[in-house]
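Fold and contact review
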Amino acid sequence: MDGFPRLVALLAGLTLVAGACSAEINPLADPGLGDLGLTSVVLAADGSVIAEWHAEEDRILVEFGDLPTDLVDAVTAIEDERFWGHPGIDLRSIARALVANAEADGIASGASTITMQYIKNVVLTPEVSFERKIEEAQLAVRLEETLTKEEVFERYVNTIYLGDGAYGVGSAAAHYFGKQVSDLTLGEAAMIAGIIKNPSTWNPFADEDAALGRRRVVLENMLRLELITPEDAARADAEPLTLVEQAPALIDRYPYFSEVVKQQLLDDESLGLTPTDRYNAVFRGGLTIQTTLEPSVQEAAKASIAEVLPEDGPYGAVAVVDPSTGEVRALVGGRDFYDPDDPVARFNLATQGRRQPGSSFKPFVLAAALEGNFELSSVFGRGSGITIQTDGGPWTVSNYENQSFPDMTLLDATRFSVNKVYAELMDAVGPDEVVELARAAGIQSDLQPYHSLALGAQEVTVLEMASAYGTFAFDGLHLSPTLVSSIETREGTEIWSQVPVVTEAVTVEVAREVTAALTEVVRAGTGVRAQIGRPVAGKTGTTQGHNDAWFVGYTPELVTAVWVGYPEGQIPMEPPTTPFAVTGGSWPAQIFAAFMPAALADQPFGAMAQVEAGSTVRVDVDTSTGYLAGPLCPREHVITLELAVEQAPTIVCPIHNSSAVVSAGSTTVPSALGLSIEDAVGALQGGGFSVVTLWEALDGTPSGHVWDQSPEPGTPAQAGTAVTIKVDAHEPGTVVPSLLGFPLAEAEQRLDSLGTEFLTIVEAESDAAEAAEHAGSVWKQEPAPQAPLTGSVTIWVNP
């Protein structure tokens, strides 16, 4: 809006307000407390009712004579300091608001008096417009011709919403302090008055610190207006906050889910500009709220936690998201929302609890690396730890339990969650890139670009992790998580529908590579206990000291994040607190494995990206030394790794085993270079080695001889070690073989063995003598020998 229209709007507003004050005033009939509210119904995705919300059960009406002076003064000081002197509208505030609104080209400041707020609460709808503000002003002036100031104030404080289901100051006094309103102290009265502006933020059950800060603002206003003395203000500011035990007014079927829905709606300004407007819409508006929760999935999530975790053990939290829609299918935020003996019962561990994700954050580092110059086949050096120079100083990283691994690929490092490799990866990619990618993928917590983020050293929520992993499950697209799909009025008119925000966080190719790597974590890595008999991708996470344990996994249909830990603080999940040291691969992976089959019972198997089959070997490695495990290596350090042949160790651990054990079966790798494949295989197998053959032609006329090998000739190695040879030839079955001169039967047999279609033409070649000499043999073929085998083959045979 340019300057002239703003001026016109300002003048028009002032003219209308002046008219409201100067015209002949017709008194407005007393509206009382307005119409009774209608119950809003909350539905699950299957149409079943999961909650019914209404306000009237928590309303205690009070008369003006019962209100303590401190409460009356606190409310007017923070909401309408000139209430007792204006005629229903505050011209000074309106003039200031009209200027601000004209400058903002909208409603930036309301200037609503207590009388106007009361009119809006009980007479008008929550519509926000200049015209509606003028109507409020006109009605407020008319109302004050009917009611006294005391009567207006009484009706106002009985109709305002004060958070946590408390409607009116009488209910708030009982709900928060267990008192009649007449017994409130100055500090308690100031706190209740402070809630009015924003009940979801400033009610003490939601945030004690925020409520105390708001109380101080009210007291400062009262002091400025000389309603209290400095001594009164100091004494009230120092009052301890003593709240009564919070008790539910209504029981929801799935309160951890429905409470998140409730809070989101109470914060959504599309349902009303003020907190009271939104409360009236949600709790008195008779709405039908359609959510995304699937009861069968929710029940399966609760049951899986109960099945795995001991009753007196740590807590579990689960968030389940459909990656293709962003819809949240289940949310378990604690044991029992209504348990009066559990001090953290109403703290939602899935949405409010922020804990370090440990190595379950590594896929975001992996994705950033794959978008750069790294591949899953990139090789990193051996070792148990590394020190990296960062802007904040040296950063020393060790593998879990100081394990030492041999040279390994990025895929293997992901499979076995090798911290050393991921520290190097973070340093190469850069923390800023990782933070940017994680945010695009759906992590909303405030991440700082520090190297330690590679190991999950910053806090996130369970729902964020489920949502962000959905980016990998849905080919790089992130859909914002949603718990509500639509809202209808009591007349059946849709007034709200969810449109998810779609972000292309990573490319399709990168998302599928991440998925392929994470399927290996479950197939043969730290997440094997999460196997469910169908393709699954996932990652474990364990924080330092075993304070938090995670497993986040997915199929194409569902993403599930599982957290296990103690909500009260950083309590190690180690003996004797728990039966064993809890890791992401133990209880969290087991919860996932118990939950997913039930959640996916009616879903067909979906295809997932897989790592291409390569040349790997399974070897026992002593992770305390990085060598092949020998008979005397401590068994607690020995794990079986599936490694690329060229990265597999070849020497028995000389630290824990005697020289006799190390030398037993020890030899050197013979040379296969320059030999034909038959001779090379014979030489290596004769030396006690196994052979892996790779086919790689060097030019257009392959020689069929070995041109490279690993380990190199002369390398000390144990008998049985796999030796990889590269043969200067095309892999059998990938090119058209030479059939010229072959008898027809043999040529057809070779083509049959390749499984390719072929056509035989009996026709003599042009040279009669050659045709006679090579009767029954192939003299022509198409495609030519060594051409790629992509279709059928035609051969010509002399009769």
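Before going into details, it helps to say that this report is about the structure given with it.

Here is what the cut-offs are and how they apply
By convention here, each chain's residues receive numbers from 1 onward along its written sequence. Owing to the predicted nature of the model, reporting of local features is limited to residues with pLDDT of at least 70; listing and counting of side-chain atom pairs is limited to 80 or more, with chain, interface and lining totals taken over all residues. No hydrogens and no water enter the side-chain calculation; it runs on all heavy atoms of the structure. For the purposes of this entry, the term helix denotes a DSSP run of H or I that reaches at least four residues, the term strand denotes a run of E that reaches at least two, and both are numbered from the N terminus. One less than the number of residues in a helix, times 1.5 Å, gives the span that helix is expected to have. Here, two residues are considered to be in contact whenever any of their heavy atoms come within 4.5 Å of each other. Only rings of Phe, Tyr and Trp enter the pairing, Trp through its six-membered ring, and a pair is recorded when the two centres are within 6.5 Å. The plane angle decides the type: under 30 degrees is stacked, over 60 is edge-to-face, the rest tilted. Classification of residues uses two cut-offs on accessible area relative to the type maximum, computed with a 1.4 Å probe and protein chains only: under 20% is buried, over 50% is exposed, and between them is partly exposed. Put plainly, a pocket is an open set of points on a 1 Å grid over the protein atoms alone with protein on both sides within 12 Å along at least five of seven lines, a cavity is a set where a 1.4 Å probe fits but cannot get out, and a lining residue has an atom within 4 Å of a point. Grid points are joined across faces, edges and corners, and a volume is the space filled by probe spheres set on the points. In the sections that follow, a salt bridge refers to a side-chain nitrogen of Lys or Arg positioned within 4 Å of a carboxyl oxygen of Asp or Glu. Between any two strands, pairing holds if DSSP finds at least two bridges. Inter-axis angles, ranging from 0 to 180 degrees, are taken between N-to-C directions of lines fitted to C-alpha atoms, where helices are fitted over the stretch in contact. Residue classes follow a fixed rule: Ala, Val, Leu, Ile, Met, Phe, Trp, Tyr, Cys and Pro count as nonpolar, while Asp, Glu, Lys and Arg count as charged, and any other residue, Gly among them, counts as polar. For our purposes a nonpolar core is just a set of buried Ala, Val, Leu, Ile, Met, Phe, Trp, Tyr and Cys residues, chained together by side-chain atoms within 4.5 Å. Candidate patch residues must exceed 30% relative accessible area and have no salt bridge, after which like charges are joined if within 9 Å and Val, Leu, Ile, Met, Phe, Trp or Tyr side chains if within 5 Å. Surface exposure here means Shrake-Rupley accessible area, sampled with a 1.4 Å probe, where a residue is shielded only by the protein chains that are shown. None of His or the chain ends enter the tally, which takes Lys and Arg as positive and Asp and Glu as negative. Here the site of a charge means NZ on Lys, CZ on Arg, CG on Asp, or CD on Glu. By the definition adopted for this analysis, an angle is roughly parallel if under 35 degrees, roughly antiparallel if over 145, roughly perpendicular if from 65 to 115, and oblique otherwise. By definition, any crossing whose near helix is turned counterclockwise from its far helix by less than a right angle is left-handed, and any crossing with a clockwise turn is right-handed.

**Quick look at helix 14 (residues 295–308)**
Given a rise of 1.5 Å per residue, 14 residues ought to cover 20 Å, and the 20 Å separating the end C-alpha atoms of helix 14 matches this to within 8%. Buried residues in helix 14 make contact with strand 4 (315–321), strand 5 (328–332) and helix 21 (587–599).

**A word on the packing of aromatic side chains**
Taken as a whole, this structure holds 21 aromatic pairs when the rule is applied. With a centroid separation of 5.7 Å and an interplanar angle of 35°, the aromatic rings of Phe364 and Phe472 are classed as tilted. With a gap of 108 residues between them, Phe364 in helix 15 (residues 362–371) and Phe472 in helix 19 (residues 462–473) connect regions that are remote in the sequence. Here Phe364 matches Phe472 in class, with each residue buried. Ring centres 6.3 Å apart and planes at 75° place the aromatic pair Tyr469 and Tyr554 in the edge-to-face group. On the criterion of sequence distance, the pair formed by Tyr469 in helix 19 and Tyr554 in strand 15 (residues 548–554) is long-range, its members being 85 residues apart.

**Overview of empty space enclosed by the protein**
Overall, the coordinates contain three cavities of 30 Å³ or more when judged by the stated rule. Volume-wise, the largest cavity comes out at about 40 Å³. Lining the largest cavity we find Val321, Asp322, Pro323, Gly326, Ser467, Gly470, Thr471, Leu477, His478 and Leu479. Those elements giving two or more residues to the lining of the largest cavity turn out to be helix 19 and strand 10 (477–479).

**Thoughts on the pattern of salt bridges**
One pass over the structure, following the stated rule, counts 20 salt bridges. For Asp237, the salt bridge is made with Arg216, and the minimal N-O distance between the two is 3.0 Å. With Asp237 in helix 11 (residues 230–237) and Arg216 in helix 10 (residues 208–224), this pair connects stretches of sequence that are 21 residues apart. Owing to a relative accessible area of 26%, Asp237 belongs among the partly exposed residues under this scheme. According to the relative accessible area criterion, Arg216 is partly exposed, its value standing at 44%. Bridged by salt links that share partners, the residues Glu81, Arg82, Asp90 and Arg224 form one connected network.

**Things to note about the sheet that holds strand 16 (residues 559–565)**
Taken in spatial order, the five strands line up as 5-4-16-15-14 in an open sheet, and their pairing is antiparallel. Two strands lie at the open edges of the sheet, namely strand 5 and strand 14 (537–542), each paired on one side alone. Across the sheet, the mean angle from the axis of one strand to that of its neighbour is 10°, orientation sign disregarded. Pairing of strand 4 with strand 16 involves seven bridges; the strand directions are antiparallel.

**Things to note about the sheet that holds strand 2 (residues 49–53)**
Spatially, 2-1-3-11-12 is the arrangement adopted by the five strands of the open sheet, whose pairing is mixed. Where the open sheet ends on each side, the last strands, each with one partner, are strand 2 and strand 12 (494–497). Each strand of the sheet is rotated relative to its neighbour by a mean of 15°, with strand direction disregarded. Bridging between strand 11 (residues 484–488) and strand 12 involves three bridges; their strand directions are antiparallel. Directly across from Ser486, in strand 12, lies its bridge partner Ser497. Taken strand by strand, helix 12 (residues 255–266) contacts strand 2, strand 3 (288–291) and strand 11, and its axis lies near 45° from that of strand 2.

**Brief notes about the layout of surface pockets**
Roughly 1,200 Å³ of volume is contained in the second largest pocket. Along the wall of the second largest pocket there are 41 residues; nearest its centre are Tyr400, Glu401, Thr542, His546 and Thr583. With four residues, the single largest contributor to the lining of the second largest pocket is strand 8 (residues 393–398). Along the lines of polarity and charge, the residues of the lining of the second largest pocket split into 11 nonpolar, 25 polar and five charged.

**Regarding the environment of Ser792**
Tracing the backbone through its elements, the reader meets Ser792 in the loop between strand 26 (778–782) and strand 27 (793–797). On the basis of relative accessibility, which here comes to 46%, the residue Ser792 falls in the partly exposed class. When the C-alpha positions of Ser792 and Glu782 are compared, they lie 8.8 Å apart, and in sequence the two are 10 residues distant. Residues within four places of Ser792 in sequence aside, it is in contact with Thr756, Glu757, Glu782 and Pro783.

**Let's talk about the nonpolar core**
Trp53, Phe257, Ile289, Leu331, Phe364 and Met465 are the most contacted members of the largest nonpolar core, which totals 92 residues. Take this core: its biggest share by element is eight residues, from helix 19. Leaving out residues up to four positions away in the same chain, Met465 has contacts with Pro357, Ser360, Phe361, Phe364, Ile443, Val460, Trp550, Val552 and Ala561. Within the second largest apolar cluster, 45 residues are counted, among which are Ile119, Val157, Tyr176 and Ala189.

**Remarks on the environment of Val582**
Inspection of the secondary structure assignment puts Val582 in the loop between strand 16 and helix 21. Excluding residues that lie within four positions of it along the chain, Val582 makes contacts with Thr542, His546, Ala549, Met573, Trp587 and Pro588.

**Regarding the pairing of strand 27**
Among the five residues that make up strand 27, five are buried, leaving the element largely enclosed by the rest of the structure. Burial of strand 27 is two-sided: the residues Val793, Ile795 and Val797 facing one way and the residues Thr794 and Trp796 facing the other way are all buried. Note that strand 25 (residues 758–762) and strand 27 share five bridges and pair parallel. Counterpart to Leu759 in the pairing with strand 27 is Thr794. Pairing of strand 26 with strand 27 involves four bridges; the strand directions are antiparallel. What sits directly across from Glu782, in strand 27, is Thr794.

**Section: the pairing of strand 15**
Among the seven residues in strand 15, seven count as buried, and that is most of the element. Side chains of strand 15 alternate between two faces, with Asp548, Trp550, Val552 and Tyr554 and Ala549, Phe551 and Gly553 buried alike. Pairing of strand 14 with strand 15, which is carried by six bridges, proceeds in the antiparallel orientation. Looking across to strand 15, one finds that Thr540 is bridged to Phe551. Hairpin connection from strand 14 to strand 15: five residues lie between these consecutive antiparallel strands, with Gly545 at a positive phi of about 80°. Judged from the seven bridges that link them, strand 15 and strand 16 form a sheet pairing that is antiparallel. Considered in strand 16, the bridge of Tyr554 is made with Val559. Here strand 15 folds back onto strand 16 in antiparallel fashion, the turn holding four residues.

**Focus on a negative patch on the surface**
Together, Glu371, Asp432, Glu433 and Glu436 give the surface a local cluster of negative charge. Here the element with the most residues in the negative patch is helix 18 (residues 431–441); it accounts for three residues. Inspection of the secondary structure puts Glu433 in helix 18.

**Regarding the packing of helix 15 against helix 19**
Packing of helix 15 against helix 19 brings their axes to within 11 Å, and their N-to-C directions diverge by 30°. In terms of orientation, helix 15 lies roughly parallel with respect to helix 19. Seen along the crossing, helix 15 lies across helix 19 with a hand that is left-handed. Contacts from Pro363, Phe364 and Ala367 in helix 15 reach Met465, Ala468, Tyr469 and Phe472 in helix 19. Of the residues that constitute the contact of helix 15 with helix 19, the class distribution is seven nonpolar, no polar and no charged.

Functional significance is not addressed by these values, which are geometric in nature.
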